[in-house]
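Examining the three-dimensional arrangement
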Amino acid sequence: MDQDSERARFVDKHWPELVQRVQMVMAIADELQSCGMLHWEPFCKIKAEKTNQEKMRELYEVLNSGGDKVKSAFYSRLEINEPSLFSDLGSTGHHTHSSEISPVIHKYMKRIYSEYQFVTEYNSLPGERVLLSERFTQPLILQKNRDQIEREEEIRSSGERFQQVLGSRSSGDSLHLNSLFDPDDHGISPSSVILQGNSGNGKSFTVQKIMMDWASGDLYKERFDIVFHLKCKEINRIPGEKSLVEILSCSCSLTSHEISQILQQSPEKVLVVIDGFDELKLPQDINNDTSAHTDLLQKARPVDTLCALLRRRILLKSFLLVSSRSTATDTLSKLLNGPQRFSEIVGFSEKGVEEYFQKFFQNEERFRKAYTYVKANETLITACSIPVVCWIICTTIQERFTYGADKTSGLETTTSIYVDFVCTLLEHHCQGLSQSVPTLLRSLGQLAERGMQEQQVLLDEKSVNETISDPTGNPFLCKFLFKRRIHQETMFSFMHLSFQEFFTALYYVLLDEEKSLRKLTRSLLMDSSSKPRFAAVMQFVFGLLNKDVRLTLEKHGLLIRPKTQAHLKEWILEKIKGCSLSSTAVFFVLHCLYELHEGDFVKEAMGSWKKMKLDGQSLRITDICALLYCCQCCQRIEEISNLYLTSEDLSMILPVLDKFKEARLIVEDPSDSDFVKLINTLTRGQTLSSQRVSVFTCQTKYIHNPHLLDLSITKEPSRIPPASFTPPTRSLSPEF
């Protein structure tokens, strides 16, 4: 009988007693859900039950339908979460280690699980922790080196196109954590696996998940007897000279003697996880090392001992998993000996983003509201492929839910999310940088602007080295190696085009006033609304003028000059007051005002806007949100024409429809209730003395044989009863 079957029989045999005595039901359910053994719907049913006994009975339905594998996973969780109960009932007696070492390893596994099942978040107060299972979502891991065209496509695409690109990359080339050490197409198993990922992409979370799942018996239980976890930033702080055994002992609860016994008895069943290789302070002559460091107990500088392990001079038969940013992967690959596997965490897929939101909110209604809002914003949903950005957005929205505010009012702007992301990386991923924060960000901005001017997202090594003092240690840059005939070429990029646009905007507003005005005038203000690549930059520029954003930047020594602020505000007022704007220009201005998000100025700007003439093209939800916010800030606009709305858009825009003296709407496939809502909106709570709304209806976004509903309000609203409506079959012009 195999281990899973043996454990399943144990669960079945003792189930009546388990139902009565298990107290940690939700902790076990959380862990089963996290590792994919328990789907979201049954998890919610278990959570909804009031008593532990009822929860256990609901859980049994899942265990029964899942078979021996799921029951075995439950057994593992029971052993960790209910050790006393487990001891009372007795285990299956299934052992894989020698009788002497097994108790030591078993105790070590329990300690690892106890420590690794929780995470401390960036904003956690003292003593605050959350379960890893409530945050960890399997990222997309690829084992393929992409070429220049593929990389460029990933960096430039956004929204649905971005997800399509990721989907095309993952077909056949994606990895799961349990297959990292599987044999390749030639039947060769890697002795070393490189786990590459950009800053904030979840490398350390993934390592923590690997450790926790091994400790609970869900991962590598037959392959590795023991897994050690070394953090490179901690190795940097170890003083003096240490042997490998001593370094491993510093990182865990085992003694040097216990570790030495384990390593000597079964080295081929040992996995060493080395986290954050890019943070390791390597000696300058790292590639010229000729030391004969081959003994487990031989002492040397900790960095030299670790390099000896990477080179396979010690612990030859063990396995290595090394995480690193892309900026250090080439150095790492040269150090490693033996069969290697390259893998890259590229972030969340669309399904991964949705799952992360679902786990974070743990409330179906809140999850739906938050995810629907973010998914409609092309820039934000693309940035959500970066797990840290996902966390920032969810944390912000959750705060709004907690305090009963509208879900979007805390988010406010795309710019504020990008600023929060940059600040998070500055505070937690920039230790040891040689530049000050203002110098670092200005140099990044200068590099970003050069790429924008030249329409390049992949930047050559020479240009990067001329601008950035330490590109390999910079958390905002990615490094790639591409084949060029018989050579390799090194190139850099920002994480995505939107980050290049953000840093360009930051560069413009942080320059001294004279240079800033010259750059803005020459490069942006003259034609930004007609150049898509600069329109996004300009929207970020206005977002950086927001008072709260400026205060956040000032904490890092970044000051936006008052004259720059005044010049930009003056420019947008002149643009509104000037000649008639195209539909594209109208929404460009609205998005700039939305990103600025300062009610008094937006009120002033909207007050000078007499007419909005649109082209009848369908709009994005973000366009509607920008229009809605700007209209809420103003008192009156003379006219808006050819505003194309879906039924959902119409519902969103109704609260501000009374801001327009005259409105010409094109509504796609309106229902009877849409017309009733429209008429009731215009006749209830109306403050204008007169208003005219013309509604063209059409079956699709292409207007064929449209119907017209022409509504005019010329009487005091208080005398007008709530209206009912019979939809038109021909053009109508009723008078109210």
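Note that this is a predicted model, so its numbers are computed, not measured. By convention here, each chain's residues receive numbers from 1 onward along its written sequence. With the structure being a predicted model, the display of local features is reserved for residues of pLDDT at least 70 and the display and counting of side-chain atom pairs for 80 or more, all residues being used for whole-chain, interface and lining totals. The side-chain numbers reported here are obtained from all heavy atoms of the structure, hydrogens and water having been left aside.

**A word on the pairing of strand S15 (residues 660-668)**
Where we set the bar: One bridge is not enough; two strands pair if DSSP finds at least two bridges between them. Helix and strand assignments come from DSSP, with helices taken as H or I runs of at least 4 residues and strands as E runs of at least 2, each series counted from the N terminus. We call a crossover right-handed when, viewed with both strands directed away from the observer, the connection leading from the first strand over the helix to the second proceeds clockwise.
Relative to S15, strand S14 (residues 637-645) is paired through six bridges, and the arrangement is parallel. Among the inter-strand pairings, Glu-639 is bridged to a residue of S15, identified as Glu-662. Tracing the backbone out of S14, into helix H32 (residues 647-653) and back to the parallel element S15 gives a crossover that is right-handed.

**Some words on the packing of aromatic side chains**
Here is the rule we go by: Centres within 6.5 Å are what make two rings of Phe, Tyr or Trp a pair, Trp counting through its six-membered ring; a difference in plane orientation under 30 degrees is then read as stacked, over 60 as edge-to-face, and the rest as tilted. When a residue's accessible area, from a 1.4 Å probe over protein chains only, is under 20% of the maximum for its type it is buried; when over 50% it is exposed; and in between it is partly exposed.
What the rule picks out here adds up to 32 aromatic pairs. Ring geometry for Phe-502 versus Phe-503: centroids 5.5 Å apart, planes at 80°, classification edge-to-face. Phe-502 gets classed as buried once you look at its relative accessible area, which sits at 1%. Both rings, one in Trp-571 and one in Phe-588, keep their centres 6.3 Å apart while their planes meet at 75°; by these two values the pair is edge-to-face. Here Phe-588 lies in helix H29 (residues 583-596) and Trp-571 lies in helix H28 (residues 562-577), a separation of 17 residues in the sequence. For the pair shown, Trp-571 and Phe-588 are each scored as buried.

**Section: the packing of helix H1 (residues 3-13) against helix H6 (residues 68-81)**
This is how the line gets drawn: To get an axis, fit a line to the C-alpha atoms, keeping to the stretch in contact for a helix; angles then go from 0 to 180 degrees between the N-to-C directions. Should an angle fall under 35 degrees it is called roughly parallel, over 145 degrees roughly antiparallel, and 65 to 115 degrees roughly perpendicular, with every other angle called oblique. Only heavy atoms matter for contacts: two residues are in contact if any of them lie within 4.5 Å across the pair. Put simply, Ala, Val, Leu, Ile, Met, Phe, Trp, Tyr, Cys and Pro go in the nonpolar bin, Asp, Glu, Lys and Arg in the charged bin, and everything else, Gly too, in the polar bin.
At a closest axis distance of 8 Å, the pairing of H1 and H6 adopts a crossing angle of 70°. Taken together, the axis directions place H1 and H6 in an arrangement best described as roughly perpendicular. Residues Asp-4, Ser-5, Arg-7, Ala-8, Arg-9, Phe-10, Val-11 and Asp-12 of H1 form the contact with H6, whose own contacting residues are Asp-68, Lys-69, Lys-71, Ser-72, Phe-74, Tyr-75, Ser-76 and Leu-78. Here the contact of H1 with H6 is built from residues that sort into six nonpolar, three polar and seven charged.

**So, the sheet that holds strand S12 (residues 487-494)**
The three strands are arranged S10-S12-S11 in an open sheet whose pairing can be described as antiparallel. Either end of the sheet is taken by a strand with one partner, and the two such strands are strand S10 (459-460) and strand S11 (477-484). Summarising the sheet, S11 and S12 pair through eight bridges and their orientation is antiparallel. The residue of S12 that forms the bridge with Phe-482 is Glu-489.

**Some thoughts on the nonpolar core**
Worth spelling out the cut-off: By nonpolar core we mean a set of buried residues, namely Ala, Val, Leu, Ile, Met, Phe, Trp, Tyr and Cys, connected to one another through side-chain atoms within 4.5 Å.
Core analysis: the largest hydrophobic core is formed by 132 residues, its most contacted members being Phe-357, Phe-503, Leu-544, Leu-590, Leu-593, Met-606 and Leu-665. Dropping the residues within four chain positions of it, Phe-357 is found in contact with Phe-367, Ala-370, Tyr-371, Val-374, Cys-384, Cys-390, Ile-393 and Cys-394. Residues Ile-210, Val-227, Ile-274 and Leu-320 belong to the second largest nonpolar core, which totals 71 residues.

**Side note on helix H17 (residues 350-361)**
Put simply, the test is: A helix's residues, less one, multiplied by 1.5 Å, set its expected span.
With 12 residues, H17 should reach 16 Å at 1.5 Å per residue; the first-to-last C-alpha distance of 17 Å fits that figure. Residues of H17 that are buried: Gly-352, Val-353, Tyr-356, Phe-357, Gln-358, Lys-359, Phe-360 and Phe-361. Where H17 is buried, its residues touch helix H3 (25-34), helix H4 (40-48), helix H18 (364-375), helix H19 (378-383) and helix H20 (387-402). Positioned one or two residues after H17, Gln-362 has a phi angle of 50°, which is positive.

**Looking at the state of the cysteines**
Convention followed: Cysteine sulfur atoms that come within 2.5 Å of each other are treated as a disulfide pair.
Across all of its chains, the model carries zero disulfides by this definition. Cys-384 takes part in no disulfide bond, and the closest cysteine sulfur to it belongs to Cys-390, at a distance of 3.9 Å. Summary of cysteine pairing: Cys-592 is not part of a disulfide, and the nearest cysteine sulfur, belonging to Cys-630, is at 9.7 Å. Given the relative accessible area of 0%, Cys-592 is considered buried.

**Things to note about the pattern of salt bridges**
Note the cut-off: Here, a salt bridge means any Lys or Arg side-chain nitrogen found within 4 Å of an Asp or Glu carboxyl oxygen.
Under the criterion given, the structure shown has 36 salt bridges. For Glu-152, the salt bridge identified is with Arg-156, shortest N-O distance 3.4 Å. Of this pair, Glu-152 and Arg-156 both sit in helix H9 (residues 148-156), separated by four residues, roughly a single helical turn. Of the charged contacts, one joins Arg-223 and Asp-182 as a salt bridge, the two residues approaching to 3.8 Å between their closest N and O atoms. Placement of the pair is Arg-223 in the loop between helix H11 (203-215) and strand S6 (226-231) and Asp-182 in the loop between strand S4 (174-175) and strand S5 (192-197), with a sequence separation of 41 residues. If you follow the salt bridges from partner to partner, you end up with Arg-146, Arg-151, Glu-153, Glu-154, Arg-161, Arg-169 and Glu-344 in one network.

**Observations regarding helix H24 (residues 497-510)**
Compared with an ideal rise of 1.5 Å per residue, which puts 14 residues at 20 Å, H24 spans 20 Å between its outermost C-alpha atoms and is within 8% of the ideal. Burial analysis of H24 places 14 of its 14 residues in the buried class, the great majority of the element.

**Let's talk about unusual backbone geometry**
Positive phi, normally seen in glycine, also occurs at Arg-312, with a value near 70°. Of note, Arg-312 is situated in the loop between helix H15 (302-310) and strand S8 (319-324). Residue Gln-455 is not a glycine yet carries a positive backbone phi of 55°. Exposure remark for Gln-455: the relative accessible area of 47% places this residue in the partly exposed category.

**Digging into empty space enclosed by the protein**
Taking a probe equal in size to a water molecule and rolling it over the atoms shows the remaining empty space. Selection criterion: Cavities and pockets are defined on a 1 Å grid built over the protein atoms alone: a cavity is a set of grid points where a 1.4 Å probe fits but cannot escape, while a pocket is an open set with protein on both sides within 12 Å along at least five of seven lines, and lining residues are those with an atom within 4 Å of any such point. Grid points are joined across faces, edges and corners, and a volume is the space filled by probe spheres set on the points.
By the definition in use, this model includes five cavities of 30 Å³ or more. When its volume is computed, the largest cavity comes out at roughly 300 Å³. Along its surface, the largest cavity is lined by 23 residues, and Glu-154, Phe-162, Asn-198, Val-346 and Met-495 are the ones closest to its centre. If you list the elements that add at least two residues to the lining of the largest cavity, you get H9, helix H10 (159-170), strand S9 (340-347), H19, S11, S12 and H24. Looking at the lining of the largest cavity residue by residue, the classes come out as 12 nonpolar, seven polar and four charged.

**What to know about the confidence of the model for the protein chain**
We apply this condition: Values of pLDDT, ranging from 0 to 100, describe the predictor's confidence in every residue of the model.
Per-residue confidence for the protein chain gives a mean pLDDT of 85, with 88% of residues at or over 70. Confidence over residues 93-100 falls short of pLDDT 50; this stretch has nine contacts with residues more than four positions distant or in other chains. When the criterion is pLDDT under 50, residues 715-736 qualifies, and its contacts beyond four places in sequence or with other chains add up to 37 contacts.

**A closer look at the sheet that holds S8**
Sheet architecture is open: seven strands sit in the order S4-S3-S9-S5-S8-S7-S6, paired in mixed fashion. Looking at the sheet topology across the chains shown, the edges are occupied by S4 and S6. Strand direction decides the pairing type here: strand S3 (residues 140-142) and S4, joined by two bridges, are antiparallel. Bridge pairing in S4 links Leu-142 to Ser-174. Sitting on the sheet, H10 touches S3, S4 and S9, and the angle it makes with S3 is about 50°.

**Brief notes about the side chain of Arg-341**
So the rule is basically this: Asp and Glu count as negative and Lys and Arg as positive, but His and the ends of the chain are not part of the count. We define a polar contact as two N or O atoms separated by no more than 3.5 Å, with the added condition that, inside protein, one atom must be a possible hydrogen donor and the other a possible acceptor, whereas residues neighbouring each other in sequence contribute only through side-chain atom pairs.
In this fold, Arg-341 is placed in strand S9. Asp-184 provides the closest opposite charge to the buried, unpaired Arg-341, separated from it by 5.5 Å. Separated by 2.6 Å, the side chain of Arg-341 and the backbone oxygen of Leu-180 make a polar contact. Filtering out sequence-adjacent residues up to four positions away, Arg-341 remains in contact with Gln-143, Leu-175, Ser-179, Leu-180, Phe-181, Asp-182, Pro-183, Asp-184, Pro-190, Ser-192, Val-193 and Ile-194.

**A short note on the environment of Ala-73**
Looking at the secondary structure, you find Ala-73 in helix H6. With 41 residues separating them along the chain, Ala-73 and Leu-32 place their C-alpha atoms 7.2 Å apart. If sequence neighbours within four positions are ignored, Ala-73 has contacts with Leu-32, Met-37 and Asp-218.

**A look at the side chain of Ser-443**
Counting through the fold element by element, Ser-443 comes out in helix H22 (residues 437-453). Setting aside chain neighbours within four positions, we find Ser-443 in contact with Gln-435, Thr-467 and Ile-468.

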